[in-house]
Amino acid sequence: MKLKMIKEIEMVKGRNHHGSGVIRLRGEEKEKVKGHHSICAIGGMLSAGTSHLAITPLDVLKVNMQVHPIKYSSIASCYTTLLKEQGPSTFWRGWAAKFFGYGAQGGCRFGLYEYFKSLYSSVLGDCNRSSVFFLSSASAEVFANVALCPFEAIKVQVQAQPHFAKGLADGIPKLYASEGIFGFYRGLIPLLGRNLPFSIVMFSTFEHSVDFFYRNVLRRTKEDCSKTQQLGVTCIAGYAAGSFGSFISNPADNIVASLYNKKADSLMLAVKKIGLISLFTRSLPIRIMLVGPVVTLQWFFYDTIKVLSGLPTSGELAIEVEVVGNKE
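Reference entry: report on the structure contained in this document. Values in this document were obtained by computation on a predicted structure and should not be read as measured data. (Residues numbered from 1 in each chain as written. Predicted model: local features only at pLDDT ≥ 70, side-chain atom pairs only at ≥ 80, totals over all residues. Heavy atoms only, no water.)

Quick look at the overall build of the protein chain
Phase 1 of the analysis: From N to C terminus, the protein chain includes eleven helices and three strands.
Phase 2 of the analysis: Per-residue burial for the protein chain yields a buried fraction of 50% across its 328 residues.
Phase 3 of the analysis: Taking the contacts inside the protein chain whose residues are at least 6 apart along the sequence as the reference set, 75% of them involve residues at least 24 apart. (Helix = DSSP H or I, 4+ residues; strand = E, 2+ residues; numbered from the N terminus. Buried < 20%, exposed > 50% of the residue type's maximum accessible area, 1.4 Å probe, protein only. Contact = heavy atoms within 4.5 Å.)

Given below as structure tokens:
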């Protein structure tokens, strides 16, 4: 029996008395391109850094609404008040911390996800693929947040406290002088609480969305679609992934903003002061507006870089085909 371009084969049904069965092919190409994981890391770094830089003004609005919810009760009031009191330049505060911080996070998040997915696939074998997506994204995100945390500490304070510092260059020594190394990692636990669920949901949703669109909408394999169509699927799956992830991680995002701006001294006090309902609802609309397009751009830039480097677009594709063999 010959099967063309099989990368991974997983038996999902046993043979019947006629000797027939169903083989499930995971249609993500596995050709070994030299420097595969390095390309993914660089692609993740560039895509995450540039996309987060582009939405800095929206991030400034979000952070100020989280830290000063009474003063800024809506997106419109936050925008007009900041513009009047601090001028247009305030909407680009923290841009350097966003670019370098989220660039570092993106390099670890995407590059290590690909590494851990290959590792867990070889170790766990033909287990449920959702388990592989879960473990891979969670493992990568731990390293990604350790890289992001110092930059996030500067960014949030620069954006919400105009007199704290002008940016990354003067913010780092000022924070270190006042709080030491602990100041850079004050919000690591809630940051992990925000980004771990987000990353797990994002990657799992993306992978399953890609599979769904190829099998049920386009009804073709990746190889039968143009690169433009493949990148289109990437964008649709990316937006779905970002929207689901932003809702799941919104409570922890509010806690991070509260801790970094000293609105609360501990995790439990932050939850108590914000309130359970507000944890899920405060700044949620602007966060969905923020995260959905950003994640879409990230996946688009990331997969574009992969395609230009000779790699396939992201996402596994499960194809079920009927095979016939001799009865054992």
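Structural notes on the packing of aromatic side chains
Phase 1 of the analysis: Enumeration according to the criterion identifies 14 aromatic pairs in this entry.
Phase 2 of the analysis: Consider the rings of Y115 and F116, whose centres lie 5.3 Å apart with planes at 70 degrees: the pair is edge-to-face.
Phase 3 of the analysis: One aromatic cluster is present, built from ring pairs that chain together F110, Y113, F203, F206, W299 and Y302. (Phe/Tyr/Trp six-rings, centres within 6.5 Å; stacked < 30°, edge-to-face > 60°.)

Describing the environment of L119
Phase 1 of the analysis: Considering the arrangement of structural elements, one finds L119 in helix 4 (residues 95-124).
Phase 2 of the analysis: Between the C-alpha atoms of L119 and V132, which are 13 residues apart in sequence, the distance is 9.3 Å.

Quick notes on helix 4
For an α-helix the count is 3.6 residues per turn, leaving residues at separations of three or four pointing the same way.
Phase 1 of the analysis: Spanning 30 residues, helix 4 covers 41 Å between terminal C-alpha atoms, matching the ideal 44 Å at 1.5 Å per step.
Phase 2 of the analysis: One or two positions beyond helix 4, positive phi appears at G125, with a value near 70 degrees. (Expected span 1.5 Å × (residues − 1).)

Focus on the environment of I274
Phase 1 of the analysis: Position of I274 among the secondary structure elements: in helix 9 (residues 267-274).
Phase 2 of the analysis: Given a relative accessible area of 8%, I274 falls into the buried group.
Phase 3 of the analysis: Non-local contacts of I274, meaning those with residues more than four positions away in its chain, are made with N254, I255, S258, L279 and R282.

Thoughts on a nonpolar patch on the surface
Phase 1 of the analysis: On the surface, a cluster of nonpolar side chains totalling about 710 Å² of accessible area is made up of V142, F143, V146, Y176, I181, F182 and Y185.
Phase 2 of the analysis: According to the relative accessible area criterion, I181 is exposed, its value standing at 57%. (Patch = residues over 30% accessible without salt bridge, like charges linked within 9 Å, V, L, I, M, F, W, Y side chains within 5 Å. Areas by Shrake-Rupley, 256 points an atom, 1.4 Å probe, with all protein chains shown as cover. Salt bridge = Lys/Arg side-chain N within 4 Å of Asp/Glu carboxyl O.)

Details of the side chain of Q66
Phase 1 of the analysis: Position of Q66 among the secondary structure elements: in helix 2 (residues 56-67).
Phase 2 of the analysis: Q66 has contacts with D253, N254, A257, R282 and S283, leaving out every residue within four places of it along the chain.

Some remarks on the pattern of salt bridges
Phase 1 of the analysis: According to the stated counting rule, one finds ten salt bridges in the structure shown.
Phase 2 of the analysis: A salt bridge links K117 to E207, with the nearest nitrogen and oxygen atoms 2.9 Å apart. One end of the pair, K117, is in helix 4; the other, E207, is in helix 7 (residues 188-218), with 90 residues separating them in the sequence. In this structure, K117 and E207 share a single accessibility class: buried.
Phase 3 of the analysis: When salt bridges that share partners are traced, they join D59, K62, K98 and K155 into one network.

Looking at the nonpolar core
Phase 1 of the analysis: Judged by nonpolar contacts, the single largest core of 24 residues is most densely connected at M202, F203, F206, V210, V295 and W299.
Phase 2 of the analysis: By residue number, the principal contributor to this core is helix 7, which donates six residues.
Phase 3 of the analysis: Discounting chain neighbours no more than four positions away, the residues touching V295 are F198, M202, G238 and G242.
Phase 4 of the analysis: Counting ten residues, the second largest nonpolar core, distinct from the first, contains A153, V158, A165 and L168. (Core = buried A, V, L, I, M, F, W, Y, C linked by side-chain atoms within 4.5 Å.)

Things to note about unusual backbone geometry
Phase 1 of the analysis: For R219, which is not a glycine, the phi torsion comes out positive at approximately 55 degrees.
Phase 2 of the analysis: Looking at the secondary structure, you find R219 in the loop between helix 7 and helix 8 (227-260).
Phase 3 of the analysis: Residue classification places R219 among the exposed positions, given a relative accessible area of 65%.

Description of the packing of helix 4 against helix 7
Pairs of packed helices are described in terms of their axes, by the angle between the two and the distance that separates them.
Phase 1 of the analysis: In contact at an axis separation of 13 Å, helix 4 and helix 7 are set at 55 degrees when each is read in the N-to-C sense. One way to sum up the angle between helix 4 and helix 7 is to call them oblique. Considering the relative orientation of helix 4 and helix 7, their crossing is right-handed. Here helix 4 contributes Y102, Q105, R109, F110, Y113 and K117 to the contact with helix 7, which in turn contributes R194, N195, F198, S199, M202, F203 and E207.
Phase 2 of the analysis: Of the residues belonging to the contact of helix 4 with helix 7, the class tally is six nonpolar, three polar and four charged. (Axes fitted to C-alpha atoms, helices over the stretch in contact; angles between N-to-C directions. Parallel < 35°, antiparallel > 145°, perpendicular 65-115°, else oblique. Left-handed = near helix turned anticlockwise from the far one by under 90°. Nonpolar A, V, L, I, M, F, W, Y, C, P; charged D, E, K, R; others polar.)

Here's the deal with the side chain of N250
Phase 1 of the analysis: In this structure, N250 sits in helix 8.
Phase 2 of the analysis: Residues contacting N250, with those up to four places away along its chain left out, are L279, F280, T281, R282, S283, L284 and R287.

Examining the packing of helix 5 (residues 129-160) against helix 7
Phase 1 of the analysis: Direction vectors running N to C along helix 5 and helix 7 enclose 140 degrees, while the axes themselves pass 8 Å from each other. In terms of orientation, helix 5 and helix 7 fall into the oblique class. Between helix 5 and helix 7 the crossing geometry is right-handed. Together, S130, F133, F134, S137, A138, E141, V142, N145, V146, L148, C149 and E152 of helix 5 and L188, L191, L192, R194, N195, L196, S199, I200, F203, S204, E207 and H208 of helix 7 make up the contact between the two elements.
Phase 2 of the analysis: For the contact of helix 5 with helix 7, the residue count by class is 13 nonpolar, seven polar and four charged.

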